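# Fold and geometry: a report
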Amino acid sequence: MFLKIVKIVAMQTIDIEDFNKIDLRIGTVIKAEIFAKAKKPAYQVWVDLGPVLGVKKSSAQITDHYSLEDLIGRQVICVCNFKPRQIADFMSEILVTGFSSDTGGIVLATSERPVPNGQKLH
């Protein structure tokens, strides 16, 4: 008989005001390229976030589960109000979100149905 020891970590709670500070929006990937200068395998992606925010760029380490062709036309959930971050010679303006898979790599966060680009997550 084996006992599995599980470390319990207390989750920090936040108020709704804290959640509302995060600008999570959906957009459609319109362009994707291999990011050759990144230290870890990544793509450069351009996401259409609708008429208010327009097209924003991101460096995304999502090469384990997605080819460039898989990304075009896919809706993704993005954090839109992080400060831009310089990665090699590329300015990443948004964070494309996802979940760690059981085999490694990131599985993109999206909506179950298409929604207009730029819609905010509630």
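Residues numbered from 1 in each chain as written. Predicted model: local features only at pLDDT ≥ 70, side-chain atom pairs only at ≥ 80, totals over all residues. Heavy atoms only, no water.

Per an unreviewed UniProt entry, the protein goes by tRNA-binding protein and derives from Algoriphagus aquaeductus.

### Some details on the overall build of the protein
Each helix and strand counted, the protein has 3 helices and 9 strands in total. Along its sequence from the N terminus, the protein presents helices and strands in the succession α-β-β-α-β-α-β-β-β-β-β-β. C-alpha atoms of the protein, sized along the principal axes, occupy 55 × 35 × 30 Å. Taking all 122 residues of the protein together, the buried fraction comes to 31%. (Helix = DSSP H or I, 4+ residues; strand = E, 2+ residues; numbered from the N terminus. Buried < 20%, exposed > 50% of the residue type's maximum accessible area, 1.4 Å probe, protein only.)

### So, the side chain of Ser-92
Its place among the elements puts Ser-92 in strand β6 (residues 90–92). By relative accessible area, which is 7% here, Ser-92 ends up buried. Side-chain polar atoms of Ser-92 contact the backbone oxygen of Ile-94, separated by 3.4 Å. Not counting residues within four places of it along the chain, the set of residues in contact with Ser-92 comprises Lys-57, Ser-58, Ser-59, Pro-84, Arg-85 and Ile-87. (Polar contact = N/O pair within 3.5 Å; in protein donor to acceptor, adjacent residues only side chain to side chain. Contact = heavy atoms within 4.5 Å.)

### A short note on the pattern of salt bridges
Scanning the entire structure with this criterion turns up 5 salt bridges. Between Asp-18 and Lys-21 there is a salt bridge whose closest N-O contact spans 3.7 Å. Using a relative accessible area of 29% as the deciding quantity, one classes Asp-18 as partly exposed. One network of salt bridges, with partners in common, ties together Asp-23, Arg-25 and Lys-120. (Salt bridge = Lys/Arg side-chain N within 4 Å of Asp/Glu carboxyl O.)

### Section: unusual backbone geometry
With a phi angle near 55°, Ala-88 is a residue other than glycine that sits in the positive phi range. Checked against the element boundaries, Ala-88 lands in the loop between β5 (85–87) and β6. Judged by relative accessible area, Ala-88 falls into the partly exposed class, the value being 43%.

### Concerning the nonpolar core
Of all hydrophobic cores here, the largest spans 16 residues; its most connected members are Val-45, Val-47, Leu-71, Cys-78 and Val-96. Looking at this core, the elements that each hand over two or more residues are β1 (24–34), β2 (43–48) and β4 (75–79). If we skip the residues at most four places from it in the chain, Leu-71 touches Val-29, Ala-32, Tyr-43, Val-45, Ile-62, Tyr-66 and Leu-108. (Core = buried A, V, L, I, M, F, W, Y, C linked by side-chain atoms within 4.5 Å.)

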